[in-house]
Each structure stands twice: as structure tokens, then as C-alpha cells.
Amino acid sequence: MASKKPTASLKTGAAKIDIGISEADRAKIAEGLSGLLADSYTLYLMTHNFHWNVKGPMFNTLHLMFMTQYTEQWAALDLIAERIRALGYPAPGTYSQFVKLASIKEIDGVPPALDMVRHLVSAQEATARTARRLFPLLEKANDQPTADLITQRLDLHEKTAWMLRSLLEE
């Protein structure tokens, strides 16, 4: 019995698939989505950390708001990773990979509550910028499923950033 050749390309790690998007475009899209996954995971972790550690007069409001945000963010991680996999590439999944790929930097220590909000505004906006950079490639590749995912993510990140910014206004 003859052995089958592996279906994954040894050079790229991409599965041999034909969904109407070239392998080169799938690779670029997966790379962009990997950056989005890294930013999204970093944002998730930051939000969860702040949920655990927030204190002060706005404790209850922020504690609950952060929980809503990190819960939504957690669900989004799976959607992004699964899209990378559907394109035929492995999704990054380690802290070291996320640190290399993310545009968001970790926050040391436990900042005051309103600084937490400021950090989260910045991280939400950074994640939106990372997502938005994918659109020219998605349009060129005619990749509507990824465009739909990115559109939904952008809507959420921009709305969340607005809500957080509102807390900083007098």
C-alpha cells in the first residue's frame, strides 16, 4: 500500500485547499489575522486583569463592564483563530507568539481605575487599526467571510472604545 503525501505544504504550513483565494493571498490574510488574534488576546488578557484588580469609587461599574468586555473578547478569539484555520494555516496560540505579533504592549503593575480605562481605550483602538489594515487585501482576494468577521470586530472595538472614552469625560 502506497503512503499518501502530506496535504500540508512543508514550506508554508498551509493545507492544499482551493476555495477561490490564491495560496499567496490566503497566507497574507492568515498573517494579518494572526496579528489581529494577538492584539485580541492581549486586549482580552488586559481587560480580564483589570476586571480582577480594579478598585475605587467606580469599582462595581468597571468590574461589571470589564467582565462584559473580556467575555465578548474571549468568544471573538475563537472566531478569528477558526478563520485562520479555515484558510489553511495554523493559528498562533502561545504567549511568545502573541507578544511578537501584537501591536499592544502589556501594562506592568496595577494602574488606577481611570488609567485602566485609558489603557483599554488605546488597546481597543489599536485592535481596530490592526483589523482595518486587512480590508485592502480582503477586497483584492474577494474574501467576504473574513471581511464580514473584520467588519463585526471593527464595529465592536469602535463602540467599546467610545463607551470607555465616555467614562473619561466630565
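Here is what the cut-offs are and how they apply
Residues numbered from 1 in each chain as written. Predicted model: local features only at pLDDT ≥ 70, side-chain atom pairs only at ≥ 80, totals over all residues. Heavy atoms only, no water. Helix = DSSP H or I, 4+ residues; strand = E, 2+ residues; numbered from the N terminus. Buried < 20%, exposed > 50% of the residue type's maximum accessible area, 1.4 Å probe, protein only. Contact = heavy atoms within 4.5 Å. Phe/Tyr/Trp six-rings, centres within 6.5 Å; stacked < 30°, edge-to-face > 60°. Salt bridge = Lys/Arg side-chain N within 4 Å of Asp/Glu carboxyl O.

Caption draft 1: Just the overall build of the protein chain, in detail. Helix and strand content of the protein chain: six helices and zero strands. Counting helices and strands in the order they occur from the N terminus, the protein chain gives α-α-α-α-α-α. For the protein chain, the C-alpha atoms occupy an extent of roughly 70 × 35 × 20 Å along the three principal directions. Here the protein chain, with 170 residues, has 42% of them falling under the buried criterion. Taking contacts inside the protein chain between residues at least 6 apart in sequence as the whole, the part at least 24 apart equals 75%.

Caption draft 2: Focus on the packing of aromatic side chains. Under the counting rule described, the total for this entry stands at six aromatic pairs. Centroid distance Y41 to Y44: 5.8 Å. Interplanar angle 50°. Geometry classified as tilted. With Y41 and Y44 both in helix α1 (residues 23-53), this residue pair falls three residues apart, about one helical turn. Like Y41, the residue Y44 is buried in the burial classification. With centroids separated by 5.0 Å and ring planes inclined at 45°, the aromatic side chains of Y44 and W74 adopt a geometry described as tilted. Residue Y44 is found in helix α1, and its partner W74 is found in helix α2 (residues 59-86); the two are separated by 30 residues along the sequence. What links up through ring pairs into an aromatic cluster is the set Y41, Y44, Y70, W74, Y95 and F98.

Caption draft 3: Region of interest: unusual backbone geometry. A positive phi is found at N142, a non-glycine position, where the angle reads about 60°. On the secondary structure map, N142 appears in the loop between α5 (135-141) and α6 (144-167).

Caption draft 4: Just the pattern of salt bridges, in detail. Within the structure shown, the criterion is met by six salt bridges. Between D25 and K140 there is a salt bridge, with its nearest N and O atoms 2.9 Å apart. Highlighted residues: D25 in helix α1 and K140 in helix α5, separated in sequence by 115 residues. On the basis of relative accessibility, which here comes to 8%, the residue D25 falls in the buried class. You can call K140 exposed: its relative accessible area is 58%.

Caption draft 5: How the structure looks around the side chain of T130. Structurally, the position occupied by T130 is in helix α4 (residues 113-132). Residue T130 is classed as buried on the basis of its relative accessible area of 10%. Every residue in contact with T130, bar those within four places of it in the chain, is listed here: G35, L36, D39 and S103.

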